[in-house]
Amino acid sequence: METVLQVIAWIFLVFGTLMSIIGIIGFLRLPDVYTRLHATGKVSVFGVVFLLIAADILTPLATWKALLLMFFVLIAAPSISHSIASAAYRVGIPMVGRRDELAGKMAGRPGRNPPAP
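Since the model is a prediction, treat every value here as computed from it, not as a measurement.

A. Representation of the overall build of the protein chain within the structure. Check the secondary structure of the protein chain and you find four helices and zero strands. For the protein chain, the sequential pattern of α-helices and β-strands runs α-α-α-α. Counting over 117 residues, the protein chain shows a buried share of 24%. The long-range fraction of contacts in the protein chain, counting pairs at least 24 apart against all pairs at least 6 apart in sequence, stands at 54%. Per element, the accessible surface of the protein chain, about 8400 Å² overall, is 74% carbon and sulfur.

B. Region of interest: the confidence of the model for the protein chain. Looking at the protein chain as a whole, the pLDDT averages 85, with 86% of positions reaching at least 70. Looking over the protein chain, one finds the lowest element-wise mean pLDDT in helix α4 (residues 103–106), namely 65, and the highest in helix α1 (residues 2–29), namely 93.

C. The arrangement of a nonpolar patch on the surface in detail. Together, W10, V14, L18, I21 and I25 give the surface a local cluster of nonpolar side chains, amounting to about 500 Å² of exposed area. Here I25 is to be found in helix α1. On the basis of relative accessibility, which here comes to 47%, the residue I25 falls in the partly exposed class.

D. Expanded view of the packing of helix α2 (residues 33–58) against helix α3 (residues 63–91). Relative orientation of the contacting elements α2 and α3 amounts to 175°, with a least axis distance of 10 Å. With respect to their mutual orientation, α2 and α3 come out roughly antiparallel. Residues V33, Y34, L37, G41, V45, F46, V48, V49, L52, I53 and D56 of α2 form the contact with α3, whose participating residues are T63, A66, L69, M70, V73, L74, A77, S81, I84, A85, A88 and Y89. Here the contact of α2 with α3 is built from residues that sort into 19 nonpolar, three polar and one charged.

E. The arrangement of α2 in detail. Here α2 contains 26 residues, and its C-alpha end-to-end distance of 36 Å stays within 8% of the 38 Å for a straight helix at 1.5 Å per residue. The largest bend along α2 measures about 25° and falls at S44.

F. Main features of the layout of surface pockets. Counted as a void, the largest pocket has a volume near 420 Å³. Contributing to the lining of the largest pocket are 20 residues, with L37, S81, H82, A85 and S86 lying nearest its centre. For the lining of the largest pocket, the secondary structure elements donating two or more residues are α2 and α3. At nine residues, the largest contribution of residues to the lining of the largest pocket is made by α3. Tallied by class, residues from the lining of the largest pocket come to 12 nonpolar, five polar and three charged.

G. Seen up close, the side chain of S81. Structurally, S81 is set in helix α3. Look at S81 and you get buried, because its relative accessible area is 17%. Not counting chain neighbours up to four residues away, the residues in contact with S81 comprise L37 and G41.

H. Fine view of the environment of V49. Relative to the helices and strands, V49 resides in helix α2. Owing to a relative accessible area of 8%, V49 belongs among the buried residues under this scheme. It is 8.2 Å that separates the C-alpha atoms of V49 and L74, two residues lying 25 residues apart in sequence. When sequence neighbours within four positions are dropped, the list of residues in contact with V49 reads M70 and L74.

Calculation criteria
- Residues numbered from 1 in each chain as written.
- Predicted model: local features only at pLDDT ≥ 70, side-chain atom pairs only at ≥ 80, totals over all residues.
- Heavy atoms only, no water.
- Helix = DSSP H or I, 4+ residues; strand = E, 2+ residues; numbered from the N terminus.
- Buried < 20%, exposed > 50% of the residue type's maximum accessible area, 1.4 Å probe, protein only.
- Contact = heavy atoms within 4.5 Å.
- Areas by Shrake-Rupley, 256 points an atom, 1.4 Å probe, with all protein chains shown as cover.
- pLDDT = per-residue confidence, 0-100.
- Patch = residues over 30% accessible without salt bridge, like charges linked within 9 Å, V, L, I, M, F, W, Y side chains within 5 Å.
- Salt bridge = Lys/Arg side-chain N within 4 Å of Asp/Glu carboxyl O.
- Axes fitted to C-alpha atoms, helices over the stretch in contact; angles between N-to-C directions.
- Parallel < 35°, antiparallel > 145°, perpendicular 65-115°, else oblique.
- Nonpolar A, V, L, I, M, F, W, Y, C, P; charged D, E, K, R; others polar.
- Expected span 1.5 Å × (residues − 1).
- Bend = angle between axes of the 7 residues up to and from the residue.
- 1 Å grid on protein atoms, 1.4 Å probe; cavity = no way out; pocket = protein on both sides within 12 Å on 5 of 7 lines; lining within 4 Å.
- Points joined across faces, edges and corners; volume = space filled by probe spheres on them.

Next comes the structure, spelled out in structure tokens:
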């Protein structure tokens, strides 16, 4: 039984590491802050969760700590990504190669630079 748990933990460890590497590659390769946040906010978070699952399987004494960390990571990551994207949009960082559907709605709000002609 111990060997089966170790194999499962190694699978989670490898998969979590690959997900984290994919998130890093996405962060480095994608063109703007909004798509970079998508890469780090989605892929890397699940990489961290899989790594926490692997750590919990290998050290079962910390199960509640691992569950609590997974809960906080899954709750906090979307809020943090949204806050950063909202702040970037309000400051006026442009979207690369995408249509700005909020430009008409946000034009009169304070903190948003008017779009360039």
